[in-house]
Amino acid sequence: WAEADISALDAALLARHDLVILPRTALSQAQMDLLLDFVGQGGRLLALLPDTHLAARLGVRPLFRGLDGGYLRGDGTHPTAAGLSPEAVQIVGPSVNWAIDPDSKVETLAHIHADLPAQDASPVPGVVWSPIGSGYAAAFAYDLPHTVARLRQGNPEHVDLCFAGLDGIYRPSELFVGQLPV
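Fair warning: this is a prediction, and the values are worked out from it, not measured in the lab. (Residues numbered from 1 in each chain as written. Predicted model: local features only at pLDDT ≥ 70, side-chain atom pairs only at ≥ 80, totals over all residues. Heavy atoms only, no water.)

Draft legend 1. Region of the structure containing unusual backbone geometry. The phi torsion at Phe64 lies on the positive side, around 55°, for a residue other than glycine. Located in the positive-phi region is Asp160, a residue other than glycine, with phi close to 70°.

Next up, the structure:
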């Protein structure tokens with residue numbers, strides 16, 4: 001594996017790899033074209049909260065709405081998601097709402113639900129699968145690394161706050177106040 005600055009990407013670098021993991025970032029038109037050409041030629045792209053322009057090129061239409069938090073539930077019937085837990089997973093942080101372009105071949109691998117038990121009537125696509133040429137792209141509607149960090153380390157905005165009000169001692173558990181389901 002290798003790490004590269006987005007400004008250093010070129011076709012030769014991409015050709016040496018099978019998979020590109022793209023964190024939340026804004027892309028120029030040339031960078032977007034380069035990544036989509038890579039995918040079209042058989043590469044794989046994992047985009048984590050892609051910008052609206054890349055999302056549109058992947059076959060999803062941003063609805064310019066979002067959700068702060070929620071729960072991700074996978075679709076166990078899709079072959080790509082086979083074997084993943086059907087249990088809802090908490091998302092900490094914002095996610096964007098997408099609609100799938102009806103003319104695209106995009107499939108939803110997981111939906112985002114506003115709350116548990118994750119059975120609301122109108123979940124939104126949370127992870128989508130988009131075949132492009134001889135490759136494919138998967139896109140998350142939220143910032144997966146941010147969610148993992150928050151779930152493991154707590155809310156950094158709670159540093160130096162004492163929610164318990166007992167003795168003025170800051171406890172690590174206070175980083176998770178309001179974040180974990182009751």
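Draft legend 2. Structural detail: helix α2 (residues 29-40). The terminal C-alpha atoms of α2, which comprises twelve residues, lie 16 Å apart, in line with the 16 Å expected from a rise of 1.5 Å per residue. For α2, every residue scored as buried is listed here: Gln31, Met32, Leu35, Leu36, Phe38 and Val39. One side of α2 holds all its buried residues, which, seen down the axis, span an arc of 150°. Residues of α2 that are buried make contact with α1 (11-15), β1 (19-22), β2 (44-48), α3 (52-57), β6 (124-132) and β7 (135-140). Downstream of α2 by one or two residues, Gly42 has phi in the positive range, about 110°. (Helix = DSSP H or I, 4+ residues; strand = E, 2+ residues; numbered from the N terminus. Expected span 1.5 Å × (residues − 1). Buried < 20%, exposed > 50% of the residue type's maximum accessible area, 1.4 Å probe, protein only. Arc of directions from axis to C-beta. Contact = heavy atoms within 4.5 Å.)

Draft legend 3. Looking closely at the sheet that holds β6. With mixed pairing, seven strands are arranged side by side in an open sheet as β1-β2-β7-β6-β5-β3-β4. In the strand order of this sheet, the two ends are held by β1 and β4 (89-100), each with one partner. Ignoring strand direction, the axes of neighbouring strands in this sheet form an average angle of 25°. On the sheet, helix α4 (residues 144-153) packs against β2, β4 and β7 and is oriented at approximately 160° with respect to β4. (Pairing = 2+ DSSP bridges. Axes fitted to C-alpha atoms, helices over the stretch in contact; angles between N-to-C directions.)

Draft legend 4. The arrangement of the packing of aromatic side chains in detail. Tallied over the entire structure, the rule returns two aromatic pairs. With 4.1 Å between their ring centres and 25° between their planes, Trp129 and Tyr136 make a pair best called stacked. Residues Phe140 and Tyr142 carry aromatic rings whose centres are separated by 5.6 Å and whose planes lie at 75° to one another, so their mutual orientation is edge-to-face. Judged by its relative accessible area of 4%, Tyr142 is buried. (Phe/Tyr/Trp six-rings, centres within 6.5 Å; stacked < 30°, edge-to-face > 60°.)

Draft legend 5. Fine view of a nonpolar patch on the surface. A cluster of nonpolar side chains, contributed by Leu161, Phe163 and Val177, occupies part of the molecular surface with about 240 Å² of accessible area. With respect to the secondary-structure elements, Val177 resides in the segment after α4. (Patch = residues over 30% accessible without salt bridge, like charges linked within 9 Å, V, L, I, M, F, W, Y side chains within 5 Å. Areas by Shrake-Rupley, 256 points an atom, 1.4 Å probe, with all protein chains shown as cover. Salt bridge = Lys/Arg side-chain N within 4 Å of Asp/Glu carboxyl O.)

Draft legend 6. Broad picture of the side chain of Gln31. Inspection of the secondary structure puts Gln31 in helix α2. Taking relative accessible area as the criterion, Gln31 reaches 17% and is therefore assigned buried. At 2.8 Å, the side chain of Gln31 forms a polar contact with the backbone nitrogen of Ser28. Leave out the neighbours within four places in its chain, and Gln31 touches Ile6, Ser7 and Ala26. (Polar contact = N/O pair within 3.5 Å; in protein donor to acceptor, adjacent residues only side chain to side chain.)

Draft legend 7. Focus on the environment of Pro156. Within the element layout of this structure, Pro156 appears in the segment after α4. A relative accessible area of 56% places Pro156 in the exposed class. Residues Pro156 and Ala99, 57 residues apart in the sequence, show an inter-C-alpha distance of 32 Å.

Draft legend 8. Region of the structure containing the pairing of β1. Burial along β1 is one-sided: Val20 and Leu22 are buried, and none of Leu19 and Ile21, which face the opposite way, are. Following the backbone out of β1, through α2 and into the adjacent parallel β2, one traces a crossover that is right-handed. (Right-handed = clockwise from strand over helix to strand, strands pointing away.)

Draft legend 9. Main features of the pattern of salt bridges. Summed over the entire model, instances satisfying the criterion amount to one salt bridge. For Asp33, the salt bridge identified is with Arg57, shortest N-O distance 3.0 Å. Here Asp33 is found in helix α2, whereas its partner Arg57 is found in helix α3, with 24 residues between them in sequence. Given the relative accessible area of 28%, Asp33 is considered partly exposed. The partly exposed category is assigned to Arg57, whose relative accessible area is 40%.

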